[in-house]
Amino acid sequence: MISKYKTGLLTVGTIVIAMLTTSSYLKGKNITLDNNEIELTAYNNLITYQEGEMYVYKTGAPEFETVNRFQKMAASKLRSNELLPTSNSKASLAFNEKDPSAFYEQDLNAGILSFNKGIKEYHGNSKLRLPEQQKANDISLKFIKEVGLAPKNIKELKMLHSGGLRAGAAGSEKVIDVMRTVTYGRMLNGVPVYGAGSKIIVHVGDKGEVVGVNSRWKQIDKKNAKSLDKSSLKSAKKAEMEMRQQLVNDYGENAKFKIRDMYLAYYDGGKNYIQPAYFFQVDVMLPKVKERPRITFDYVGIIAALSNPPEEIIPAEEAPEAQEYIKKATLKKSRIKNIRKRKDVE
């Protein structure tokens, strides 16, 4: 049986792109938290990107001109102003009653500007004329520049994925392309930025029309960035110890963990700062408990790289199925909540 979770998809999807294949292995039952008998190995294969100093960046809400241009564009696409907020000071999310897939969302404090004109007309439509993928890439980049979503320093913008959405054609078993999708992330001095923030997804539809955008992007001022000396950063060894201890606290000493990768990059949670963090790609293997079978799933862990981070790093919400499994298996309740998918159930 295979189940897939949508939780933290943007975060995990961009993390996987950066992954290599180095790994280390640890059996949870060998960890004794009381006396710190933990075998640390992953930090020796730490993946890094930066060539110089790392920084803490203060982020700011989108500029008024950008918001105004985005709202005008969305209103024309939605053919109505009804879904747009009456005030920019509050978060807003509104759906079209006739087509719930059509919506407008805005939260300037989180850098969110999103809309979708609706995909009702796309279901089962075999007469769509979608642009070629490269053309869709060009259309999406031009669009975010014109609307003002692109960063002031265009070098920060990095295309992470170019693909699309497929669905079954009406009255047929044939699967067709119904939309092109282009995802952008952020790079700061060659270092990737992961997390809920610093993402722009553009949906390109029939005849090359941009039919939707999901943007969570806040501007930064590099002139006011705070440089960090090595003494303010946790060592990779200390970060690995924190991650392993956290895994045991989350899933119990009888669980097994395989850290496939560990790397140092930037984290953007969509709040007020972009800061350095250690990221871990982990295979978690929970043992059979009572009537419950053994389960294996992917886990993305994040540990703040700063001894005194400017704000707390909060991973994405854990999938409810995993929460229920852990509860019924009488394992310790999970604190880190960033499961991507359940991979194998035996």
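To be clear, the structure that these remarks concern was listed above.
Residues numbered from 1 in each chain as written. Predicted model: local features only at pLDDT ≥ 70, side-chain atom pairs only at ≥ 80, totals over all residues. Heavy atoms only, no water.

Caption draft 1: Seen up close, the packing of aromatic side chains. Considering all chains together, one arrives at 10 aromatic pairs under this definition. Considering the side-chain rings of Tyr 194 and Tyr 263, the 5.7 Å spacing of their centres and the 85° angle between planes classify their relative orientation as edge-to-face. You can see Tyr 194 sitting in strand 10 (residues 191-194) and its partner Tyr 263 sitting in strand 15 (residues 256-268), a full 69 residues away along the chain. The structure contains a cluster of three or more aromatic residues connected by ring pairs, namely Tyr 55, Tyr 57 and Tyr 266. (Phe/Tyr/Trp six-rings, centres within 6.5 Å; stacked < 30°, edge-to-face > 60°. Helix = DSSP H or I, 4+ residues; strand = E, 2+ residues; numbered from the N terminus.)

Caption draft 2: Representation of helix 4 (residues 236-251) within the structure. The end-to-end C-alpha distance of helix 4 is 22 Å, a good match for the 22 Å that 16 residues give at a rise of 1.5 Å each. Where helix 4 is concerned, the buried positions are Ala 236, Ala 239, Glu 240, Met 243, Arg 244, Gln 246, Leu 247, Val 248, Asp 250 and Tyr 251. Of the residues flanking the end of helix 4, it is Gly 252, one or two places downstream, whose phi is positive at about 90°. (Expected span 1.5 Å × (residues − 1). Buried < 20%, exposed > 50% of the residue type's maximum accessible area, 1.4 Å probe, protein only.)

Caption draft 3: Examining the pattern of salt bridges more closely. The final tally for this structure, using the stated rule, is 11 salt bridges. Between Glu 146 and Lys 142 there is a salt bridge; the shortest N-O distance is 4.0 Å. A residue pair is termed a helical-turn pair when its members lie 3 or 4 positions apart in one helix, as Glu 146 and Lys 142 do in helix 3 (residues 133-147) at four residues. Glu 146 sits in the partly exposed class, given a relative accessible area of 47%. Put simply, Lys 77, Lys 117 and Glu 209 are held in one network by salt bridges that share partners. (Salt bridge = Lys/Arg side-chain N within 4 Å of Asp/Glu carboxyl O.)

Caption draft 4: Main features of the pairing of strand 12 (residues 210-216). Burial analysis of strand 12 places five of its seven residues in the buried class, which makes it a mostly covered element. For strand 7 (residues 112-117) and strand 12, the ladder comprises five bridges, and the chain directions are antiparallel. Across the sheet, the residue bridging to Phe 115 is Val 213, located in strand 12. Pairing of strand 11 (residues 199-204) with strand 12 involves six bridges; the strand directions are antiparallel. In the sheet register, Val 204 faces strand 12, and the bridge partner there is Val 210. A loop of five residues connects strand 11 with strand 12, the two strands running antiparallel in sequence, and Lys 207 in this loop sits at a positive phi of about 60°. (Pairing = 2+ DSSP bridges.)

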